[in-house]
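Read off the chains here:
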Amino acid sequence: MNKKKVLVLGTVQGEVPLVEAYKEMGYYVIVVGQNEAYPCCKIADESINADIMDRELMLKIARENEVAAVSSNVVERAIRTVAWVAERLNLEGIGYKTAEIFTNKYYMRKAAERIGIAVPRYAEVASVEEARAFAGEIGVPFIIKPEDNGGSKGVVKIQCVEELEEVFENTLNLSVEDKRVIMEEFIEGEEFIVDAFTHNYICENTDLSWKEKFEMKRNFISKAVVIQDADSCESAVEQKLLEANKRLVEGIGLKFGITHGEYIYNREQDKVYLVEITARGGGVYLASHLTPLATGVNVNRLLAEYSVGNDPLRESGLVLGKGAAAWYAFSLPKGQIVSVEGLEEARSLEGVNAIIDDKFFVGKKTAEMVDDSGKFGPILIYADTRDACNRIFDKVKQILKIKVKTPDGEKGIIW
Ligand SMILES: Nc1ncnc2c1ncn2[C@@H]1O[C@H](COP(=O)(O)OP(=O)(O)O)[C@@H](O)[C@H]1O
Ligand SMILES: [Mg+2]
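No experiment lies behind these values; they were computed from the predicted model shown.

The rules behind each value
- Residues numbered from 1 in each chain as written.
- Chains lettered and ligands numbered in written order.
- Predicted model: local features only at pLDDT ≥ 70, side-chain atom pairs only at ≥ 80, totals over all residues.
- Heavy atoms only, no water.
- Helix = DSSP H or I, 4+ residues; strand = E, 2+ residues; numbered from the N terminus.
- Rg over C-alpha atoms; globule rule 2.2 N^0.38 Å.
- Buried < 20%, exposed > 50% of the residue type's maximum accessible area, 1.4 Å probe, protein only.
- Contact = heavy atoms within 4.5 Å.
- Areas by Shrake-Rupley, 256 points an atom, 1.4 Å probe, with all protein chains shown as cover.
- Lys, Arg positive; Asp, Glu negative; His and termini not counted.
- Charge placed at Lys NZ, Arg CZ, Asp CG, Glu CD.
- Donors = N, O, S within 2.8 Å, 3.2 Å for Na, K, Ca; no water.
- Axes fitted to C-alpha atoms, helices over the stretch in contact; angles between N-to-C directions.
- Parallel < 35°, antiparallel > 145°, perpendicular 65-115°, else oblique.
- Nonpolar A, V, L, I, M, F, W, Y, C, P; charged D, E, K, R; others polar.
- Domains from an automatic or database assignment.
- Buried area = accessible area lost by both parts, 1.4 Å probe.
- Salt bridge = Lys/Arg side-chain N within 4 Å of Asp/Glu carboxyl O.
- Polar contact = N/O pair within 3.5 Å; in protein donor to acceptor, adjacent residues only side chain to side chain.
- Pairing = 2+ DSSP bridges.
- Phe/Tyr/Trp six-rings, centres within 6.5 Å; stacked < 30°, edge-to-face > 60°.
- Lys NZ or Arg CZ within 6 Å of the ring centre and 35° of its normal.
- Near = heavy atom within 4 Å.

Caption draft 1: Examining the overall build of the chain more closely. Regarding its fold elements, the chain presents 13 helices and 20 strands. Here the C-alpha atoms of the chain give a radius of gyration of 21 Å, agreeing with the 22 Å that 2.2 N^0.38 yields for 415 residues. With the C-alpha coordinates aligned to their principal axes, the bounding extent of the chain is approximately 65 × 55 × 45 Å. Per-residue burial for the chain yields a buried fraction of 57% across its 415 residues. In the chain, the share of contacts with a sequence separation of at least 24, taken over all contacts with a separation of at least 6, comes to 67%. Surface summary for the chain: the accessible area is close to 18100 Å², and the carbon and sulfur share equals 47%. For the chain, the centre of its 52 positive side-chain charges and the centre of its 66 negative side-chain charges are spaced 2 Å apart.

What follows is the structure, given as structure tokens:
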């Protein structure tokens, strides 16, 4: 008998565990993406070079192959297409309307307000003039960001209204489909991530993270994410975050799947603000590696199961193991790498899961970091607690040495 087929949109590293899960379940996996060098193309049964935003084409491929499921676990741009195709073919899906709420920062703010989750004061703007008018109301500093994009692309902290002119067009152009900008209050506070898996409209949090950023004046590049299984997160703030995330996801009405929520906690107001919530796994190895490492739950496999209509959590719900995991990135000064030392020794440390080194090697020219793509690593670590992860990372820092030749002499890693 021929194997049943499934369609996975996106071929990046983060999709690998989803492809593997389908294969373990006995499916023939077709992946679609635009870079055939990406890892999924090597492990899938078939890979198609095409644009996953081309909905009609994805529908055609899904229809012709009579797929049993269409899915994706970490690619933001796949969310709407997956929901749209699934809806048309009567496959398991979250529905196109819901997909829009999880991918458009304006709709998600509207939904959060309805559900009673705090959001920064915000407005949807489509021109500099509109932005200037709203700036008069909320004052500086404020944030502008594309309504629909990710990876901090086009997200800028504005300190004075004149800066708007300089950056607004770029942010607007980075709005992928909706071509609008969100403008909102800058919220001071600590940043957190809450990841969850939802089944039959029941959202169960899997892990909660601390997030650290590189120090930059007006851009936002995350530097480290340290997660702990949700059951071990018992402080009042953590409880507030977990409760908000569950209420939000269930309030929006997600049927199933992985979610990734970002929040800022403001201590003075003792208030949790939503930054964004999306119906996919976190990138940078979060859903693919860290959640499974910390909790023992393979959310990628669960996604595959629910996408084909199975219901493995019906009896007992999610059972989380206790643990922590983290990724840490670093930057390098502008110049050229002349030596890399200690890589294998650092890799062999207990608790080091991986050190991703595809971007640093002798001879590589380095540039100043301006966005997410300019950072190096990450280093993936797991242990019982977040503090233990940080201690292992400290050991890595002692061992891993990269020298970069710069006009001012040799310099090392900027941790
Ligand atoms: N209102 C805000 N106040 C303070 N910081 C913010 C605010 N909005 C965004 N940020 C910062 O910018 C980062 C990226 O913004 P986010 O809305 O998550 O966009 P993206 O979808 O590109 O990740 C956040 O992780 C946070 O560090
Ligand atoms: Mg974000």
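Caption draft 2: Just the coordination of the magnesium ion (ligand 2), in detail. Surrounding the magnesium ion (ligand 2) are the protein donor atoms Glu262 (OE) and Glu276 (OE), at 1.9 to 2.2 Å. Taken as a pair, Glu262 in strand E12 (residues 257-266) and Glu276 in strand E13 (residues 271-278) lie far apart in primary sequence, 14 residues in all. Considered together, Glu262 and Glu276 belong to a single accessibility category, that of buried residues.

Caption draft 3: Examining the packing of helix H6 (residues 105-115) against helix H9 (residues 236-252) more closely. Contact geometry of H6 with H9 gives a least axis separation of 10 Å together with a crossing angle of 110 degrees. In terms of their interaxial angle, H6 and H9 are classed as roughly perpendicular. Two secondary-structure elements touch here, H6 through Ala111, Ala112, Arg114 and Ile115 and H9 through Arg247, Leu248, Gly251 and Ile252. For the contact of H6 with H9, the per-class residue count stands at five nonpolar, one polar and two charged.

Caption draft 4: Spotlight on the domain arrangement of the chain. In terms of domains, the chain is made up of domain 1 (5-91), domain 2 (121-185), domain 3 (190-322) and domain 4 (326-411). Placing the centre of domain 3 and that of domain 4 at their C-alpha centroids yields a distance of 26 Å. If you look at the interface, domain 3 gives 20 residues, while domain 4 gives 22 residues. Each partner contributes to the roughly 1800 Å² buried at the junction of domain 3 and domain 4, and carbon and sulfur atoms together form 65% of this total. Our enumeration of links across domain 3 and domain 4 arrives at one salt bridge. Notably, a salt bridge pairs Arg386 with Glu238, separated by 3.1 Å at the nearest N-O pair. Taken together, domain 3 and domain 4 are joined by eight residue pairs in polar contact (both at pLDDT 80 or more). The set of elements that each furnish at least two residues to the side of domain 3 that touches domain 4 consists of strand E10 (202-213), strand E11 (222-229) and helix H10 (286-295). Each residue belonging to the side of domain 3 that touches domain 4 can be placed in one class, and the counts come to 14 nonpolar, four polar and two charged.

Caption draft 5: Local environment of the sheet that holds strand E19 (residues 401-406). Strand order in the open sheet formed by four strands is E17-E15-E19-E20, and the pairing between neighbours is antiparallel. In this open sheet, the two strands that pair with only one neighbour each are strand E17 (365-366) and strand E20 (409-411). Looking at chain direction, strand E15 (residues 335-341) and E17 are connected through two bridges and run antiparallel. Counterpart to Gly335 in the pairing with E17 is Thr366.

Caption draft 6: Looking closely at the packing of aromatic side chains. For the coordinates displayed, the defined rule picks out nine aromatic pairs. Centroid distance Tyr328 to Phe393: 3.9 Å. Interplanar angle 5 degrees. Geometry classified as stacked. Remark: Phe393 occurs in helix H13 (residues 386-399) and Tyr328 occurs in strand E14 (residues 324-330); sequence separation between them is 65 residues. Looking at Lys157, its charged tip hangs above the ring of Phe186, at a distance of 3.9 Å from the centre.

Caption draft 7: Focus on the environment of Tyr285. With respect to the element layout, Tyr285 can be found in the loop between E13 and H10. When near neighbours in sequence (up to four residues on either side) are disregarded, Tyr285 contacts Gln13, Leu290, Ile356, Pro378 and Leu380.

Caption draft 8: Local environment of the site of ligand 1. Near ligand 1 you find 22 residues, and of these Lys105, Lys145, Ser152, Glu191 and Glu276 are the closest. Note that an oxygen atom of ligand 1 is positioned 3.4 Å from one of the backbone N or O atoms of Gly151. Within the side chain of Glu262, a nitrogen or oxygen atom sits 2.8 Å from an oxygen atom of ligand 1. For ligand 1, the protein covers 96% of the area, taking 540 Å² as the surface of the free molecule. Partitioning the shell around ligand 1 into residue classes produces eight nonpolar, four polar and ten charged. Taken together, domain 2 (121-185) and domain 3 (190-322) each give at least three residues to the shell around ligand 1, which thus spans both.

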